[in-house]
Amino acid sequence: MKTDRTRRDTDRTTGTGSGTGEGSGTRSGTDTDLRRRTDETLAFLHEARTATRLGKRRSNAFVLYCVALGTAFWLVPLLIAAAGAGRRGEWHGSTSGHLLAGLPLAVPALLTLVVVHAARGAVWRGPVLVDLPTVSWLLPLPVLRGPLLLPRLHAAALRAAAIGLACGGVLGYLLSIAGSAAWLPLTAAGAWAGTAAALTAVAAGLLVERHDRAVARNAVRFQGITWTLAAGSAALCAYASLRGAGGPAGTLALWSGPWGWAAQPLVAAAGHRAPGWPAGAALSAAFTLAALLFARRATPDVPEEALRARATVASRVSASVYSLDLRQARSAARATRGQRARPLLRLPVPRSRWLIVPWRDATGLLRAPGRLLWAALWGTAALGLGAAAHHARPDGQAALCAAALVAEYLAAAQLTEPARLDSDDARRSANLPCAFRDLALRHAWVPCALLLGWLGAGTAAAWSAGRGTAAFAVLVAAVPAMVAAALVSSYRGPVPTHLLVGAETPMGNTAALQTGLWYARGPLAALALCAPALVTADRAREAGAGHIGWLLLVGAAGLWWARRTAHRLHGAPPGRPPRHAGRRLRAYLITRLK
């Protein structure tokens, strides 16, 4: 503890000491010795890691080459096509008018989302990320942390600034196309807003990493606050896009904090009224600089436990991504987040064994209210896309119908998380009085009930308001199929080895394509079978019995597929004979006797 305190004090001072006499001389000598030892250690590591450093540079150069190639072949042609469409007036209409009218409220909310996302991600990664050898061998040594950790903070800030500059510039350019304004001021203002938000996000992530112990003690509260901010920002973005936000509300949002100060140049360049926007830009620059200086000062004080935990989780996530085990990567990242110890609402324990699994699923969802919120948002998006498909042109109806079904599947996937947990860890269901093939079907009860209730309520509200369409009835009938597709994805298990090997073809190896199709086989099959019914019902302006019957048949087939997938993955629980073993033995004996 004394060595750590000495290292932190030395990182903050210049080494001259604050007192006189023997104490000052002793501290100065200690500081000089720490600096010399740190310089020698870093010089040795610089020589020892020459080959590793060259390999990382080659990897980074290859990544930059791939990004530049993708930008040149995909992003630039899309921007050129968008510019041509803007000159022809194809981007000008009621939708673009709503988007531009809501900029004073939408841009600050969007920048808030960026900062909140960085703070949430810092719980498991953080801007200062070291590798496991550094954590295990270098940090315990009596060396200064500043020269070791500050280069990583600088690299994270440079990466964030580059990404924010590019994304903000593209956003400003697209706004100039939609509003027929000069592209250079809007692009520059968007680049500034993106850069300021990205650097502020780095400072926020470092703050979370520095106070890792406090965040861990209040993990549930921290997650609740970030979820509230994220949901509020998303709701403000949606409201501004649909209704616009000018006048006092927009001015209040622009002066509400750093997120509004950074947005003022972009809003002013788009033609909105932003009084005093140069002062807001100056405040944004001063706040960003102060946040970075504060983050730089707090970097040596990042606890060693926080660095060790983040290095471990990052290595697990990287290994899972390289092995294409995305579920394991997500589980490793989510293991650092807090979980509510008690559900929001206590459900009575059922007396029937048939209700044990639904009761446990409902309790698990009540302990993770974020999933219920996301399911509600995705279900609402499905209804909104279905309503938009009803009023769209014939060439765009198919895309909107497919998007509505994808949103419905995402809502079902949020509600089938208990099934995914049982699939990843078979011990959670070892004591349940049912086989895994039956367990998969019981996991469908709660998602179907919740999704049917939400979509049914939305459909009833739309019909009562006189805005109902045939697509709503089809979406409600497609709930079993989407839940079954989510259960198939929940019980898919690890990727088979032969898919990772692939086959060599003139177009390259097929491993990536085969793996992607294997991961998405459940939702792809449900989408391919349900989309034609939704499109035909939307074009016919009515949902007939044939459409509903077909969707229910697809749902039944999907549930049978989920049941078979669960049985193939886990089979019968250990220590329990297969079901109907007596009947099979009797049939075998009769056959042998004959």
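The rules we used
Residues numbered from 1 in each chain as written. Predicted model: local features only at pLDDT ≥ 70, side-chain atom pairs only at ≥ 80, totals over all residues. Heavy atoms only, no water. Helix = DSSP H or I, 4+ residues; strand = E, 2+ residues; numbered from the N terminus. Buried < 20%, exposed > 50% of the residue type's maximum accessible area, 1.4 Å probe, protein only. Contact = heavy atoms within 4.5 Å. Areas by Shrake-Rupley, 256 points an atom, 1.4 Å probe, with all protein chains shown as cover. Salt bridge = Lys/Arg side-chain N within 4 Å of Asp/Glu carboxyl O. Polar contact = N/O pair within 3.5 Å; in protein donor to acceptor, adjacent residues only side chain to side chain. Phe/Tyr/Trp six-rings, centres within 6.5 Å; stacked < 30°, edge-to-face > 60°. Expected span 1.5 Å × (residues − 1). 1 Å grid on protein atoms, 1.4 Å probe; cavity = no way out; pocket = protein on both sides within 12 Å on 5 of 7 lines; lining within 4 Å. Points joined across faces, edges and corners; volume = space filled by probe spheres on them. Nonpolar A, V, L, I, M, F, W, Y, C, P; charged D, E, K, R; others polar. Core = buried A, V, L, I, M, F, W, Y, C linked by side-chain atoms within 4.5 Å. Axes fitted to C-alpha atoms, helices over the stretch in contact; angles between N-to-C directions. Parallel < 35°, antiparallel > 145°, perpendicular 65-115°, else oblique. Left-handed = near helix turned anticlockwise from the far one by under 90°. pLDDT = per-residue confidence, 0-100. Patch = residues over 30% accessible without salt bridge, like charges linked within 9 Å, V, L, I, M, F, W, Y side chains within 5 Å.

Trainee: Would you explain the overall build of the chain in this entry?
Mentor: A tally of helices and strands in the chain yields 28 helices and two strands. Buried residues in the chain amount to 40% of all 594 residues. Long-range pairs, those at least 24 residues apart, make up 77% of the contacts in the chain between residues at least 6 apart in sequence. Taken as a whole, the chain presents about 31,900 Å² of accessible surface, with 66% of it coming from carbon and sulfur.

Trainee: Explanation requested: the pattern of salt bridges in the structure shown.
Mentor: Should the charged atoms of two oppositely charged side chains come close, the side chains can pair. What the rule picks out here adds up to seven salt bridges. Taking the shortest distance from any N to any O, the salt bridge between Glu-304 and Arg-308 comes out at 3.2 Å. A residue pair is termed a helical-turn pair when its members lie 3 or 4 positions apart in one helix, as Glu-304 and Arg-308 do in helix α14 (residues 304-322) at four residues. Across the pair Arg-371 and Glu-417 runs a salt bridge, and its minimum N-O distance is 3.3 Å. Here Arg-371 is found in helix α17 (residues 369-391), whereas its partner Glu-417 is found in helix α19 (residues 417-424), with 46 residues between them in sequence. Residues Arg-371 and Glu-417 agree in their burial class; the two are buried.

Trainee: Is there a simple way to explain the environment of Arg-145 in this structure?
Mentor: Examined against the element boundaries, Arg-145 turns out to sit in the loop between α6 (132-138) and α7 (146-179). A residue is classified by how much of its surface remains accessible, and Arg-145, at 4% relative accessible area, is buried. Taking the C-alpha atoms as reference, Arg-145 lies 5.3 Å from Pro-300; in sequence the two are 155 residues apart. Reaching out from Arg-145, the side chain makes a polar contact with the backbone oxygen of Val-302 at a distance of 2.7 Å.

Trainee: What's the story with the packing of aromatic side chains in this structure? I'm lost.
Mentor: We describe a pair of aromatic rings using the distance from one ring centre to the other and the angle between the two ring planes. One pass over the structure, following the stated rule, counts four aromatic pairs. Ring plane angle 80° and centroid distance 6.3 Å describe the contact between Trp-261 and Phe-287, whose orientation is recorded as edge-to-face. Of this pair, Trp-261 sits in helix α12 (residues 258-269) while Phe-287 is found in helix α13 (residues 277-298), placing the two residues 26 residues apart along the sequence. A relative accessible area of 18% places Trp-261 in the buried class. The class of Phe-287 is partly exposed, set by a relative accessible area of 33%. Summarising the aromatic geometry, the rings of Trp-518 and Tyr-519 are spaced 5.5 Å apart at their centres and angled 75° between planes, so their arrangement reads as edge-to-face.

Trainee: Before we go on, may I ask you to explain helix α8 (residues 183-210) in this structure?
Mentor: Every α-helical turn comprises 3.6 residues, leaving residues that sit three or four positions apart pointing alike. If you check α8, its first and last C-alpha atoms are 40 Å apart, about what 28 residues at 1.5 Å a residue would give, namely 40 Å. Buried residues dominate α8, accounting for 21 of its 28 residues.

Trainee: Please explain the layout of surface pockets as it appears in this structure.
Mentor: Empty space among the atoms becomes apparent when a probe as large as a water molecule is rolled across them. When its volume is computed, the second largest pocket comes out at roughly 370 Å³. Forming the boundary of the second largest pocket are 17 residues, of which Val-115, Ala-119, Thr-200, Ala-204 and Leu-207 lie nearest the centre. No other element matches α8, which puts five residues into the lining of the second largest pocket. Looking at side-chain class alone, the lining of the second largest pocket contains 14 nonpolar, three polar and no charged residues.

Trainee: Sorry, what's going on with the nonpolar core here?
Mentor: Considering soluble globular proteins, one finds that nonpolar side chains tend to be buried as a cluster. In this structure, Leu-405, Leu-451 and Val-483 are the most contacted members of the largest nonpolar core, which totals 51 residues. Leave out the neighbours within four places in its chain, and Val-483 touches Ala-412, Thr-416, Ala-444, Pro-447, Cys-448 and Leu-451. Val-128, Leu-138, Leu-149 and Leu-307 belong to the second-largest nonpolar core, a separate cluster that totals 21 residues.

Trainee: Sorry, what's going on with the side chain of Thr-200 here?
Mentor: Locating Thr-200 in the fold gives a position in helix α8. Accessibility expressed as a relative area gives 15% for Thr-200, which makes it buried. Leave out the neighbours within four places in its chain, and Thr-200 touches Val-115, Phe-287 and Thr-288.

Trainee: Help me understand the packing of helix α22 (residues 470-477) against helix α27 (residues 545-570) in this model?
Mentor: In contact at an axis separation of 9 Å, α22 and α27 are set at 25° when each is read in the N-to-C sense. Between α22 and α27, the angle falls in the class roughly parallel. The crossing of α22 and α27 is right-handed. Across the interface between the two elements, Ala-473, Val-474 and Ala-477 of α22 pack against Ile-548, Leu-551 and Leu-552 of α27. Counted by class, the contact of α22 with α27 contains six nonpolar, no polar and no charged residues.

Trainee: Any chance you could explain the confidence of the model for the chain here in plain terms?
Mentor: One rule of thumb: low pLDDT means the predicted coordinates there are not for detailed reading. Residues of the chain with pLDDT of at least 70 account for 83%, and the chain-wide mean is 79. Note on residues 572-585: pLDDT is under 50 here. Beyond four places in sequence and across chains, it has 12 contacts.

Trainee: I keep staring at empty space enclosed by the protein and nothing clicks. Help me out?
Mentor: Per the stated rule, a full pass over the model turns up one cavity of 30 Å³ or more. Here the largest cavity is characterised by a volume of approximately 80 Å³. In terms of lining, the largest cavity is formed by Leu-111, Val-115, Ala-196, Ala-197, Thr-200, Pro-258, Trp-259, Ala-262, Ser-284 and Thr-288. Only α5 (103-121), α8, α12 and α13 provide two or more residues apiece to the lining of the largest cavity. Residue composition of the lining of the largest cavity, by class: seven nonpolar, three polar and no charged.

Trainee: Explanation requested: the environment of Thr-299 in the structure shown.
Mentor: Relative to the elements of secondary structure, Thr-299 occurs in the loop between α13 and α14. Taking the C-alpha atoms as reference points, Thr-299 and Leu-150, separated by 149 residues in sequence, lie 6.7 Å from one another. Discounting chain neighbours no more than four positions away, the residues touching Thr-299 are Val-128, Leu-149, Leu-150, Leu-153 and Leu-206. Separated by 2.6 Å, the side chain of Thr-299 and the backbone oxygen of Ala-295 make a polar contact.

Trainee: Hey, could you run me through a nonpolar patch on the surface in this one?
Mentor: Together, Phe-62, Val-63, Tyr-65, Val-67, Leu-69, Phe-73 and Trp-74 line one region of the surface with nonpolar side chains, adding up to about 810 Å² of accessible area. Within the fold, Trp-74 resides in helix α3 (residues 50-87).

Trainee: What is the right way to look at the environment of Ala-234 in this model?
Mentor: By the element assignment, Ala-234 lies in helix α10 (residues 219-243). For Ala-234, a relative accessible area of 37% translates into the label partly exposed. With 128 residues separating them in the primary sequence, Ala-234 and Ala-106 have C-alpha atoms 8.7 Å apart.

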